[in-house]
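Structural overview for review
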Amino acid sequence: MDDKEIKKLMKPEFAKNYEKYYPVQTLTAMGYHRKVCKKCGRGFWTQVERDFCDEAECSGGYRFIGESLTRKKFEYKEAWDTYVKTFDQWGYVPLERYPTVCRWYEDLYFVAAGINDFQPYVVSGEIEPPARAVLEPQFCLRFNDIDNVGITGRHYTGFIMVGQHTFNTPEKHVYFKEEGIGQIQHFLTQGLGIPAHEIVFHEDVWAGGGNFGPSIEYFSRGLELGNQVYMQYEQTPDGGFRELKTKVIDMGAGLERWAWFSQGSPMSYDATFPKTMEFIYNKTGYRADPAFHAKFAKYAGILNVEEIEDVGSAWNDVAKSMEMDLGELKELVYKIRAQYVLADHTRSLLVAIHDGALPSNVGGGYNLRNLLRRCWSLIDQYQWDIDVNDIFRSHIDEFGSWYTELRDYGSLFDIIDVERKRYEESRRKSKDIIKRMVKAKETLTADKLVELYDSQGISPELIKEAKPDIVIPEDFYARVQARHEAKATRKIEANETQGLPKTEPMYYEKPREFKFEANVVKLLTPTKLVLDRTLFYPLGGGQAGDTGYVNGIKVKDVYKQDGVIVHVLESPMPEGTTKVTGEVDEARRRILAAHHSATHIVNYAARKVLGDHVWQAGAEKTVEKARLDITHYESLTFQQLQEIERVANDLAMKQIPVVVREMSRTEAEMEYSMRIYQGGAVPGKILRIIVIDGYDVEACGGIHVDNTSKVGFIKMLSSERIQDGVVRLEFKSLDNAVGEIQHHESILREVSDLWGVGYDDIPKTAQRFFNEWKELGKKNKELQAELVQQTIAAALSRPGDTVDLVVPGADFGTLMKTVGSFKKEFKGRTVIFRGDNFAYGYSDLINVREKLAEAYMNVDGNEHEAKAFKAKAAQ
């Protein structure tokens, strides 16, 4: 089941047995009593009599705009500081944010909620949390809210989720439901200073990342201020659920809302990044009328496209309430929205790109490209004289005063520059496509608009320029997101090693030993052997498995399933064998280890040469060569590849020890940061960390050399842009690198001897030969044209209505250019030209044209020329 299905299933159960699932005791003690909303049917808790919950859709919109309901007006970061100070009395530890790119958790690309920082291992109880009660200002990305940004006032694509997390185990209880809700109410009333009777608590269900539980949302005057989730259950592979060993308070609140609520401004964006908004207002030369904006803002909360079924009716209701024409209302609101979108989208991009994501047409990068292109599209639409780079700089100055790491923006502006060029090219092509579609009077439905945007990047705003009558759906970007995302269901299947004990891997403790003795655990098949222990390294982490011999039988492959290592033999092992002697191919292991360590070195070198946006996106280490896929926004130049080679070899020759450390996941993350996850998520409580001190640190399960010098010379072979945002590097080390260099040397020697020039003269000699070849080709075409012209002139001088002429050696292009000068002489005649691999016919007689059109079927030439003949003949 997905998250929505879990919520739908559990909501009736939680509502029916609310005393079991919600902190009833504390809510009652604080003077709140339970009611059921007469509009939406949810349970809620209030100190005053009311018939409706405090959702904007049920309570009549935002009722805090222009009001002062807190003890003071809090600035953005000041609200966080107040929160930390309040929770200090209960021993909560504030943490630094995690990166937005969720490399430690394979189920997610971007962090979407604060709890993702602790999934899956802390929440499941497999590893210890940083502390038992923590707070964090986690920057999150959510792309399903794109349509709401700038409209509802509370939605962002990138926002700080204030976290309150406690981790309760059977051995240690910290705080859970009853204590947690009391702490939140204390913060709201004492920290922010909101009167208790202005706070309404809603019963709800939350699910995410395979975990779920009851939750209490807290509202005031129509605005949700946060959601305290009591994480109690986890979904099982069979679709059921079970109690978590570690029960968690997962409170998440948008920090932007706390500052907004306290200031009472029409929209939260002016409270979140006021300096950046002021910059945008000044550069665009537009500022909304304060009275209109404040009036609209009160209704903005009911326009959430994710929560209402009929968006059109909701807009009509707002227009009616404001006594405005719907078209006029939308025109004003959309222009204001565009300014807020510029601020929101660029801040999201700034943090995501800083954290290692790149705009592209695949994965999470697709969402980033959507944001960036939407910014440029809106700037074009409103013809504003504003540069997105300047908006980025404003955020770096403003937001960077808190998230100081953002001031080190690396290759940001190079990335944006490359994306701008791609956007302009896409826009040019899009205009041509739109022009043809409009001319053909194609029907542009909402689904067609989504398809055009998702598959070809054609924005609906650009289509509207050419076809003003099209209707862009209010939830357009949500539809794009739904179309683009394909969720894979994870299945746990039985395998051939099920029930067998895990194999003891000796290759980590004894990487320099190659002979061993072991007991046979099971012969899965006559050629598949499981031992109780082994020195054979199995295929994994992009590194090829070892080969060698067991009892003299060749081992041709080794792989691992659920901790059980399987040895694939070239010939059957005799039945009844109980003990074996194994021997690993030492030479093969040596080159594989060198290639694996060289991969780490090249990864460092690429990051050093290209920038900190470079992360590993994939790798493979074989006996022949190694490859490393890195995140980068454009193809590499030959000079960049050479510089990577120079930096890599410089490190190799420094003879730095390659140290292996086994550390707890939490310890490794705190000491080395999330940079350790270069190859993606790594399972397990204990991580194997490969340290090249001062240069590279990665979580890695591969076999390595013990010193950088032992990789030998690293020879870069090639670089190739294999997909949007990913470049593949191929290289060799040790004897393979020497062999590659000698191979190139032999080619140079052969060319040098053939041409009779020295190595240094080969380039200029090749250029001279190339120029001579081009000149000869040009003269050859001129002679061809002259020959064809004379042949045609001679043929036309002879009497007759039909000219059937063979022109051997002439190419189709030369013939066509020459034929053009004889069109007058062709009048009233049928002319057929036959070359070595084409035929061309001309006639101004209709019946003859038809015969020529059929004749192309008998042309003995290639398909392209035959089609060209048919097309010309038909004319």
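Everything quoted here is computed from the prediction, not taken from an experiment.

About the thresholds
- Residues numbered from 1 in each chain as written.
- Predicted model: local features only at pLDDT ≥ 70, side-chain atom pairs only at ≥ 80, totals over all residues.
- Heavy atoms only, no water.
- Buried < 20%, exposed > 50% of the residue type's maximum accessible area, 1.4 Å probe, protein only.
- Helix = DSSP H or I, 4+ residues; strand = E, 2+ residues; numbered from the N terminus.
- Pairing = 2+ DSSP bridges.
- Phe/Tyr/Trp six-rings, centres within 6.5 Å; stacked < 30°, edge-to-face > 60°.
- Lys NZ or Arg CZ within 6 Å of the ring centre and 35° of its normal.
- Salt bridge = Lys/Arg side-chain N within 4 Å of Asp/Glu carboxyl O.
- Axes fitted to C-alpha atoms, helices over the stretch in contact; angles between N-to-C directions.
- Contact = heavy atoms within 4.5 Å.
- Parallel < 35°, antiparallel > 145°, perpendicular 65-115°, else oblique.
- Left-handed = near helix turned anticlockwise from the far one by under 90°.
- Polar contact = N/O pair within 3.5 Å; in protein donor to acceptor, adjacent residues only side chain to side chain.
- Disulfide = S-S within 2.5 Å.
- Nonpolar A, V, L, I, M, F, W, Y, C, P; charged D, E, K, R; others polar.

Observations regarding the pairing of strand 4 (residues 133-141)
Each regular strand shows side chains that alternate between the opposite faces of the sheet. In terms of residue burial, strand 4 counts as a mostly covered element, since 9 of its 9 residues are buried. Covered by surrounding structure in strand 4 are A133, L135, P137, F139 and L141 together with V134, E136, Q138 and C140, the residues of both alternating faces. Here strand 3 (residues 93-94) runs beside strand 4; their pairing, made up of 2 bridges, is parallel. Its bridge partner lying in strand 4, V93 is registered against V134.

Digging into the packing of aromatic side chains
How two aromatic rings sit relative to each other is set out by the distance from centre to centre and by the angle between their planes. In this structure the tally under the stated criterion is 46 aromatic pairs. Both rings, one in Y62 and one in F64, keep their centres 5.5 Å apart while their planes meet at 55 degrees; by these two values the pair is tilted. The pair formed by Y62 and F64 is uniform in burial state, with each residue classed as buried. Pairing F64 with W260 gives two aromatic rings, centres 5.0 Å apart and planes at 80 degrees, and the pair type is edge-to-face. Linking F64 in the loop between helix 4 (56-59) and helix 5 (76-87) with W260 in helix 7 (residues 255-263), this pair joins segments that are 196 residues apart in sequence. Residue classification places F64 among the buried positions, given a relative accessible area of 0%. Cluster of aromatic residues (ring-pair linked, three or more members): W80, Y83, F87, W90, Y92, Y175, F187 and W258. Lying across the ring of F413, R393 places its NZ or CZ 4.5 Å from the centre.

Structural notes on the pattern of salt bridges
Tallied over the full model, the rule gives 45 salt bridges. A salt bridge links R427 to D380; its shortest N-O distance comes to 3.6 Å. Taken together, the residues R427 in helix 15 (residues 412-439) and D380 in helix 13 (residues 363-382) connect sequence positions 47 residues apart. Overall, R427 belongs to the buried group, its relative accessible area being 14%. Looking at D380, the relative accessible area reads 24%, which means it is partly exposed. The salt bridge involving R721 is made with D724; its shortest N-O contact spans 2.6 Å. Relative accessible area serves as the criterion here: at 10%, D724 is assigned to the buried category.

Remarks on the sheet that holds strand 22 (residues 696-699)
Pairing is antiparallel across the open sheet formed by 3 strands, whose spatial order is 20-21-22. Edge positions in the open sheet fall to strand 20 (658-664) and strand 22, since each of these has one partner strand only. Neighbour to neighbour, the strand axes of the sheet diverge by 25 degrees on average, direction disregarded. Of the strand pairs in this sheet, strand 20 and strand 21 (residues 686-692) are connected by 7 bridges, and their pairing is antiparallel. Each bridged residue has a counterpart across the sheet, and for E662 the counterpart in strand 21 is R688. Sheet strands in contact with helix 21 (residues 665-672) are strand 20, strand 21 and strand 22, and its direction is about 125 degrees off that of strand 20.

Considering the packing of helix 5 against helix 6 (residues 177-191)
Viewed as axis vectors pointing N to C, helix 5 and helix 6 meet at an angle of 125 degrees, and their least axial separation amounts to 10 Å. Viewed along their axes, helix 5 and helix 6 adopt a mutual orientation that is oblique. Of the two elements, helix 5 crosses helix 6, and the hand of that crossing is right-handed. Contacts between helix 5 and helix 6 pair T82, Y83, T86 and F87 from the former with Q183, I184, H186, F187 and G191 from the latter.

Concerning the sheet that holds strand 18 (residues 616-621)
Ordered in space as 18-19-24-23, the 4 strands form an open sheet in which the pairing is antiparallel. Of all the strands in the sheet, the pair left with one neighbour each is strand 18 and strand 23 (715-723). Ignoring which end each strand starts from, the neighbouring axes of this sheet average 15 degrees apart. Bridging between strand 18 and strand 19 (residues 626-631) involves 5 bridges; their strand directions are antiparallel. Counterpart to Q616 in the pairing with strand 19 is I630. With respect to the sheet, helix 20 (residues 638-652) is in contact with strand 23 and strand 24 (726-732), its orientation differing from that of strand 23 by roughly 130 degrees.

Examining helix 14 (residues 388-398)
Most of helix 14 is tucked away, with 8 of its 11 residues classed as buried. Listed in full, the buried residues belonging to helix 14 are V388, N389, I391, F392, S394, H395, I396 and E398. Tucked into the core, helix 14 has its buried residues touching helix 9 (274-284), helix 12 (326-354), helix 13 and helix 15. Near the N-terminus of helix 14, the side chain that reaches the backbone nitrogen of N389, with its oxygen 2.9 Å away, is that of D387.

Brief notes about the state of the cysteines
Inspection of the entire model under this criterion finds 0 disulfides. Between C53, a cysteine without a disulfide, and C40, which holds the nearest cysteine sulfur, the sulfur-to-sulfur distance is 3.7 Å. Residue C53 is classed as buried on the basis of its relative accessible area, which comes to 0%.

Details of the packing of helix 9 against helix 14
Axis separation between helix 9 and helix 14 bottoms out at 9 Å; the angle between their running directions is 155 degrees. Comparing their axes, helix 14 and helix 9 come out roughly antiparallel. Of the two possible hands of crossing, helix 9 and helix 14 adopt the one that is right-handed. For the pair helix 9 and helix 14, the contacting residues are P274, K275, T276, F279 and I280 in the first and D390, I391, S394, H395 and E398 in the second. Tallied by class, the residues present in the contact of helix 9 with helix 14 amount to 4 nonpolar, 3 polar and 3 charged.

Read these as layout, nothing more, since geometry by itself doesn't imply function.
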